Amino acid sequence: MNPSSKPARRLAAAAITITLPACVALPASAQSTAQSTAQSTATAGPVARSVAAAPEIPDTAAGRQLSWLLEAVNRTPLPESELAGHFEAGFLTSVPPAQLNQALAQFAGMRLEQLAQPQENTLVARVTVAGVPFAVQLSVNAAGLINGLLFQPVTPPPATPSSWDEIDERLSRTAPQTGFLAAELTANGTCVPVHAVAAEQARPLGSMVKLYVLGAVSKAIANGKFGWDTELTITPELKSLPSGQLQDRPDGSKVTVLEAAQLMISISDNTATDLLIHQVGRKAVERTMRAWGAHDKRNAPVITTRELFVLKGVDHPRHAERYLSLNNAKQRAYLDDVVAKAPLSRFAMWTAPRDLAELEWYASPTEICQAYAGLVKLGDEHIAQAMSINDAGLGLDRKEWPQVWFKGGSEPGVSDLSFLARTSAGKTYVVTTMAIDPGAPLDPMVAQEQVALARGAFTLAGGS
């Protein structure tokens, strides 16, 4: 037996994560916070960028909590009063103290090896436990209390495929339902397929819907309705759940449209997304989806991330069944009159796929390529800035591929990744890979595999 298999199995049962499903989307390899620090539930290897073998822990809110954690795992069970002084109340509701102590006990003797991406409220670290490496993603709220903690085993990244046949074979093993498109995006905005698998089939998008939100915002700005420097107010009714950071800022805080857009794309911030949808209008997002080819009727009304959390996680299936029984006009009224008033304090995490065919956002790989074409055509430098912050660890040679855009999306049973990359010669390609399992959660390593498939696709397409 592989000596590392036992710790990995134990981790799977006890991994501590408050990363919520549904909107996420970054592979752990890319997560620039704690899952988009998810994925999402989804993903892998951010610590590879670390350079310090024996790092000094920064004196930041996240750093102080990491210092405490390294010491605290050696003296479990920790009293509830101590846990309450280090973890957000909502975290301890989702992961009760007894369960948290059980999980932390498995990391006794944990030693810090590397530190990457340290910021005031987030960090990613590499630790070892009995010689077995783990990636630790930690985030804190505005009060400095831990609101996100994820341990993942560090595994070698999947090899880059060297042929389309290999991509097809490996893609088929990611999920029961898959979609794939590698296409050249021509100068006139046409997606010319290079290789495709079920590319016309609309599937759940998760946070890839945020491509359309970004487009709707940019269009409204171009029409003079507001500006990138317009300030948005964070109010309780517009706060969503993680992934993201804005939900932890005090009520009444201000954020510019530009900052919200950058957070929405780079770390899949759900509250930022909902602020932007509220600013631009639900119907503007729907119009953008239709204009860019996403005509699936299930996208109207387009729901916010908070609404998705309520429909799937508050008193489920009561709200979901009622909502789905209504016609379009009545659905819109139900969202405004009922769902908006449902308290997120009653939210319960779902870990198995839930209502994937009815409650989500939907588009095909071909339509996602058209969305990227739409974003490029807008010619807005702020779009390029937001889309370029996080490349999900794609790892293309930046001398050959100087521009890379990324957005992914996930919830239990869904893992989607999409990229745009431009060669040094000026050719542009879009690659989208979708993995869906309506019956069971996906293997957490699926997103890593999808990154490898996308990397191989760019290499093959760019060389064709």
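The rules behind the values
Residues numbered from 1 in each chain as written. Predicted model: local features only at pLDDT ≥ 70, side-chain atom pairs only at ≥ 80, totals over all residues. Heavy atoms only, no water. Helix = DSSP H or I, 4+ residues; strand = E, 2+ residues; numbered from the N terminus. Buried < 20%, exposed > 50% of the residue type's maximum accessible area, 1.4 Å probe, protein only. Areas by Shrake-Rupley, 256 points an atom, 1.4 Å probe, with all protein chains shown as cover. Pairing = 2+ DSSP bridges. Axes fitted to C-alpha atoms, helices over the stretch in contact; angles between N-to-C directions. Contact = heavy atoms within 4.5 Å. Salt bridge = Lys/Arg side-chain N within 4 Å of Asp/Glu carboxyl O.

Draft legend 1. Fine view of the overall build of the chain. Scanning the chain from N- to C-terminus turns up 16 helices and 13 strands. Residues counted as buried form 59% of the 464 residues belonging to the chain. In the structure as shown, the chain presents an accessible area of about 17,900 Å², 52% of it carried by carbon and sulfur atoms.

Draft legend 2. Quick look at the sheet that holds strand β5 (residues 177-185). As summarised here, the arrangement of the five strands in space is β6-β5-β13-β12-β11, forming an open sheet in which the pairing is antiparallel. In the strand order of this sheet, the two ends are held by β6 (191-197) and β11 (403-411), each with one partner. Averaged over neighbouring strand pairs, the angle between their axes works out to 10° when direction is ignored. The sheet contact formed by β5 and β6 spans six bridges and is antiparallel. Each residue of the ladder has a partner; that of leucine 185, found in β6, is cysteine 191. Sheet strands touched by helix α14 (residues 365-378): β5, β6, β11, β12 (414-422) and β13 (428-436). Its angle to β5, the strand with the most contacts, is close to 35°.

Draft legend 3. Quick peek at the pattern of salt bridges. This structure, assessed with the given rule, holds 17 salt bridges. The partner of glutamate 411 in a salt bridge is lysine 312, and the shortest N-O contact between them spans 2.9 Å. With glutamate 411 in strand β11 and lysine 312 in helix α11 (residues 305-313), this pair connects stretches of sequence that are 99 residues apart. Take glutamate 411 and lysine 312: they sit in the same class, and that class is buried. Arginine 318 serves as the salt-bridge partner of aspartate 315, at 3.2 Å between the closest nitrogen and oxygen. With a relative accessible area of 48%, arginine 318 lands in the partly exposed category.

Draft legend 4. Local environment of unusual backbone geometry. Of note, the amide linkage connecting threonine 76 to proline 77 takes the cis form, showing an omega dihedral of 0°. Considering the arrangement of structural elements, one finds proline 77 in the loop between α2 (61-72) and α3 (80-84). Proline 317 follows histidine 316 through a cis peptide bond whose omega is 10°. Despite not being glycine, alanine 130 has its phi angle at roughly 50°, a positive value. Inspection of the secondary structure assignment puts alanine 130 in the loop between β2 (122-129) and β3 (132-140).

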